[in-house]
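Summary of structural features
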Amino acid sequence: MQGKEADPKDFPQLKNDTFLRAARGEETQHVPVWCMRQAGRYLPEFRESRAGKDFFETCRSPEACCELTLQPLRRFSFDAAIIFSDILVVPQAMGMDVQMVPGKGPTFPDPLKDPEDLQRLRVKVDVNTELGYVFRAITLTRHKLEGKVPLIGFTGAPWTLMSYMIEGGGSNTHSKAKRWLYQHPEASHMLLRMLTDVIVEYLLGQVAAGAQALQVFESHAGILGPAEFKEFSLLYLRDIARRVKDKLKEDGQDVPMIVFAKDAHYGVEDLSQSHYEVVGLDWTIDPRSARERTGGKVSLQGNMDPCALYAPKERISDIVHKMLEGFGTRGYIANLGHGLYPDMDPEHVGAFVQAVHKHSKQMIEQK
Ligand SMILES: Cc1c2[nH]c(c1CCC(=O)O)Cc1[nH]c(c(CCC(=O)O)c1C)Cc1[nH]c(c(CCC(=O)O)c1C)Cc1[nH]c(c(C)c1CCC(=O)O)C2
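The protein chain is annotated in an unreviewed UniProt entry as Uroporphyrinogen decarboxylase of Gouania willdenowi. Turning to the protein chain, the UniProt annotation filed under Sequence similarities (unreviewed entry) states: "Belongs to the uroporphyrinogen decarboxylase family." According to the UniProt record, the Pathway (unreviewed entry) comment for the protein chain is "Porphyrin-containing compound metabolism; protoporphyrin-IX biosynthesis; coproporphyrinogen-III from 5-aminolevulinate: step 4/4."

Once that is clear, we can look at the packing of helix α13 (residues 313–327) against helix α14 (residues 346–365). It is at 9 Å that the axes of α13 and α14 come closest, and there the two elements cross at 45 degrees. Classified by the angle between their axes, α13 and α14 sit oblique to one another. For the element pair α13 and α14, the recorded crossing hand is right-handed. Of α14, the residues touching α13 (which contributes Lys 313, Ile 316, Ser 317, Val 320, His 321, Met 323, Leu 324 and Glu 325) are Glu 347, His 348, Ala 351, Phe 352, Ala 355, Val 356, His 359, Ser 360 and Met 363.

Next up on the list: the pattern of salt bridges. Tallied over the entire structure, the rule returns 20 salt bridges. The partner of Glu 27 in a salt bridge is Arg 330, with the nearest N and O atoms 3.8 Å apart. Highlighted residues: Glu 27 in the loop between α1 (18–23) and α2 (44–50) and Arg 330 in the loop between α13 and β9 (332–336), separated in sequence by 303 residues. Overall, the relative accessible area of 56% leaves Glu 27 in the exposed class. You can call Arg 330 partly exposed: its relative accessible area is 43%. Glu 269 is the partner of Arg 293 in a salt bridge, and the nearest nitrogen-oxygen pair spans 3.0 Å. Taken together, the residues span a long stretch of sequence, with Arg 293 in helix α12 (residues 287–294) and Glu 269 in helix α11 (residues 268–271) at a distance of 24 residues. The exposure class of Glu 269 is partly exposed, given its relative accessible area of 30%. Salt bridges sharing common partners tie together Asp 110, Asp 117 and Arg 120.

Here the focus is the layout of surface pockets. Space inside the largest pocket adds up to approximately 1400 Å³. Looking at the largest pocket, it is lined by 45 residues, and the ones nearest its centre are Arg 37, Arg 41, Asp 86, Met 100 and Pro 106. Its residues assigned to classes, the lining of the largest pocket shows 22 nonpolar, 14 polar and nine charged. Estimates place the volume of the second largest pocket at around 200 Å³. Lining the second largest pocket are 13 residues, and of these Pro 287, Asn 303, Ile 319, Lys 322 and Met 323 lie nearest its centre. When contributions to the lining of the second largest pocket are tallied by element, the ones reaching two or more residues are α12, β8 (299–304) and α13. Considering each element in turn, the lining of the second largest pocket owes the most residues, five residues, to α13. The residue inventory of the lining of the second largest pocket, partitioned by class, reads six nonpolar, two polar and five charged.

Calculation criteria
Residues numbered from 1 in each chain as written. Predicted model: local features only at pLDDT ≥ 70, side-chain atom pairs only at ≥ 80, totals over all residues. Heavy atoms only, no water. UniProt positions renumbered as here; feature names shortened; annotations may be inferred. Axes fitted to C-alpha atoms, helices over the stretch in contact; angles between N-to-C directions. Helix = DSSP H or I, 4+ residues; strand = E, 2+ residues; numbered from the N terminus. Parallel < 35°, antiparallel > 145°, perpendicular 65-115°, else oblique. Left-handed = near helix turned anticlockwise from the far one by under 90°. Contact = heavy atoms within 4.5 Å. Salt bridge = Lys/Arg side-chain N within 4 Å of Asp/Glu carboxyl O. Buried < 20%, exposed > 50% of the residue type's maximum accessible area, 1.4 Å probe, protein only. 1 Å grid on protein atoms, 1.4 Å probe; cavity = no way out; pocket = protein on both sides within 12 Å on 5 of 7 lines; lining within 4 Å. Points joined across faces, edges and corners; volume = space filled by probe spheres on them. Nonpolar A, V, L, I, M, F, W, Y, C, P; charged D, E, K, R; others polar.

Okay, structure coming up:
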């Protein structure tokens, strides 16, 4: 891509750094807030933009990704934007076919069945060639954001991606993927290492393109027990943060990283000592106990039950107030405990954002 929009340098100056400050545990005037899946089907304008278009085709268009990323910010005063993309672009970059089937979700027509199938994957993935479209979307969006709020880049974590590549799509038991862990531990580690290598390069490419923070989604953490989590997830989450941080440091850069390991209660202490500045939490963890267990070592993000958005607006405001009291206003980024659902009322999302800003401002002023 040519021209100014594609130039990663010369980005507009950031006007609202509340999210970045909170990620680093610094003081802020209000608690920052954003929502996972804030660019999504609950917005009529999102449904209109996406109508009749293939999901991954949309992901490959920098202009479409930019527009979808900006849509929620036109409605709500979110303190961060997250680039519209998907975690499954990484398996695609490694040579796998993935389709988004309406009504069914992501589908791999030819998933990995046996360790021999690892030979089907690209040995060396050139992220600039395979995922350059994501980098171009990030650069374009960073310009079009005009410094309003920081832009978050993201990736799926190795175990979550491995489980999709073996299951071939969504699953309740994830038994095909877990079978690998017990029957083929060595091949599992080989695949997790291959994914880790691509993910590290992918995250560094996103930063070079203009991402100002990075979130790693371990959405399938909760189907592992504590021992399997340590061996097949945590090890790689740590390796990713360490390698990305080391490289960024060499270049004099410092980009906050968030780890979101859904349903991994038992992993919260370990996750707080894994080189990430922020630990994202799902709604099944009590805010106060999460603070105690992470001992002020990291900032926390989350964790309102997304379904609380079905409550009347006044009730949402009360729930937000309690959540803020539980986490405290320092080193805290408000969010939901998982993504927004398509049937959620945008007005209630707005009420959530407003409640976070209003209550947290009052709490900080009263300190
Ligand atoms: C597991 C996972 C996926 N994708 C993602 C995860 C990790 C987060 C999580 O745990 O939910 C990550 C993701 N996917 C999407 C984003 C965009 C940024 C944002 O958060 O706003 C992000 C961060 C867009 C999307 N990715 C998808 C949508 C909805 C489909 C569409 O727009 O047509 C969006 C907005 C599709 C998708 N992609 C995936 C699923 C399970 C689905 C839903 C399928 C369905 O419900 O039909 C895989």
